[in-house]
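# Report on the structure
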Amino acid sequence: GPGEFRNATAIRMRADGTFWVADVANGRYSMHDTAGTYLRALRRELTSYSFWWDGWVDSAGNLAEATSVNPGGAARSIPALIRFDSAGAMTDTVALPSYDLRTWSTGNAGGARMMIVEIPFAPDLVLHPDPRGYIWWGVSDRYRIVQQRLNGDTVRIVEREAMPRAVSSAERDRAMERMDFFRQAGGTVRRSDIPDVHPYFRSAFVDDRGFLWVMPDVSEGEMSRRFDIFDPEGRYLGRATSDVPLGWRTPVFRGDTVYAVITDSLDVPYVVRARIERSRHGSAVGQGGRSEAPALPRPTATP
């Protein structure tokens with residue numbers, strides 16, 4: 001019924017404290033007030049979904065969702081951003097950058113269900129929506145991230161010289177072992193398909209001050225604890241180090257505080273609140289002058 005959920009996949013806050021719940025299995029988005037009271041719902045026209053919902057609320061409080069569409073009934077779908085107004089009507093569809101992932105598949109013989117997995121260490125399309133009206137994206141086969149307006153205009157390109165890490169023989173062995181479930185489902189994996197080097201970065205997101213945080217590919221134990229920081233003009237400031245892993249999904253920034261979800265060794269989830277410490281002893285790279293050095297998150301509570 002209204003305000004009830006089936007496979008709810010995400011919560012997105014609005015500036016006034018109300019929030020939307022992506023209740024995608026019921027084909028709707030539900031709005032609630034700051035006490036959790038159900039207010040209203042919008043119909044969701046899209047039929048597909050995953051358990052990681054690629055949507056957000058823009059600066060005006062309206063919903064947007066990244067999905068795939070088939071323009072004009074085309075056989076091949078393309079990634080696109082669907083935007084809704086306050087009444088739930090689709091206002092426009094914005095084409096998003098596309099990239100052909102390197103994958104293995106089990107095939108689709110005789111109409112059987114097909115399983116697709118990404119090839120380990122293969123480059124990927126990293127995409128981050130900016131509620132201020134931008135899309136940040138990059139393909140991780142090089143250190144290059146583009147800030148783009150929703151109409152397709154490029155605002156800036158952020159690049160940095162870097163060397164990718166080599167994929168070791170032990171890493172290949174572990175990657176092949178992790179594909180046992182796929183082989184049992186009828187898939188074929190080829191060791192030779194695994195790239196020789198890691199991607200240049202794993203994720204990127206923008207905080208509420210307009211600073212770009214890029215998670216470079218580092219050793220597995222340091223992943224989600226190291227971030228390259230760029231100022232709002234795209235100048236490189238340095239590498240930030242976090243005392244706690246900030247997770248693979250986008251953290252929530254509020255001034256000098258960052259919130260993230262982590263799990264312990266028993267997979268129990270926690271919300272971590274960390275303080276961002278900023279210093280001014282670093283120099284911006286590329287355009288000279290002095291600027292803020294990297295932000296250093298420090299945990300202050302784990303409720």
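On the surface, V252, Y259, V261 and V271 cluster together to form a nonpolar patch covering roughly 310 Å² of accessible area. Mapped onto the fold, V252 is located in strand β19 (residues 252–254).

Let us look at the environment of V24. Looking at the element boundaries, V24 is found in the loop between β2 (19–23) and β3 (28–32). It is 8.9 Å that separates the C-alpha atoms of V24 and W53, two residues lying 29 residues apart in sequence. Other than its neighbours up to four places away in sequence, V24 contacts N7, T9, R44, Y49 and W53.

A word on the sheet that holds strand β14 (residues 154–159). The antiparallel open sheet is built from 4 strands, whose spatial order is β11-β12-β13-β14. Two strands lie at the open edges of the sheet, namely β11 (125–130) and β14, each paired on one side alone. On average, each strand axis in the sheet is inclined to that of its neighbour by 15°, with strand direction left out of account. Here 6 bridges tie β11 to strand β12 (residues 134–139), and the two strands are oriented antiparallel to one another.

Time to look at helix α1 (residues 169–178). Think of an α-helix as 3.6 residues a turn; residues three or four steps apart then line up on the same face. If you check which residues of α1 are buried, you get E171, R172, A175 and M176. Burial along α1 is one-sided: seen end-on, the buried residues are contained in an arc of 135°. Contacts made by the buried residues of α1 are with α2 (180–184).

In terms of burial, strand β17 (residues 226–230) is a largely internal element, 4 of the 5 residues being buried. Direction of pairing for strand β16 (residues 212–216) relative to β17: antiparallel, over a ladder of 3 bridges. Within β17, the position partnered with W213 by the bridge is I229. Here β17 runs beside strand β18 (residues 236–241); their pairing, made up of 5 bridges, is antiparallel. Opposite R226, over in β18, you have T241 as the bridge partner. Here β17 folds back onto β18, and the loop between the two strands holds 5 residues, one of which, G234, carries a positive phi near 90°.

Rules and cut-offs
Residues numbered from 1 in each chain as written. Predicted model: local features only at pLDDT ≥ 70, side-chain atom pairs only at ≥ 80, totals over all residues. Heavy atoms only, no water. Patch = residues over 30% accessible without salt bridge, like charges linked within 9 Å, V, L, I, M, F, W, Y side chains within 5 Å. Areas by Shrake-Rupley, 256 points an atom, 1.4 Å probe, with all protein chains shown as cover. Salt bridge = Lys/Arg side-chain N within 4 Å of Asp/Glu carboxyl O. Helix = DSSP H or I, 4+ residues; strand = E, 2+ residues; numbered from the N terminus. Contact = heavy atoms within 4.5 Å. Pairing = 2+ DSSP bridges. Axes fitted to C-alpha atoms, helices over the stretch in contact; angles between N-to-C directions. Buried < 20%, exposed > 50% of the residue type's maximum accessible area, 1.4 Å probe, protein only. Arc of directions from axis to C-beta.

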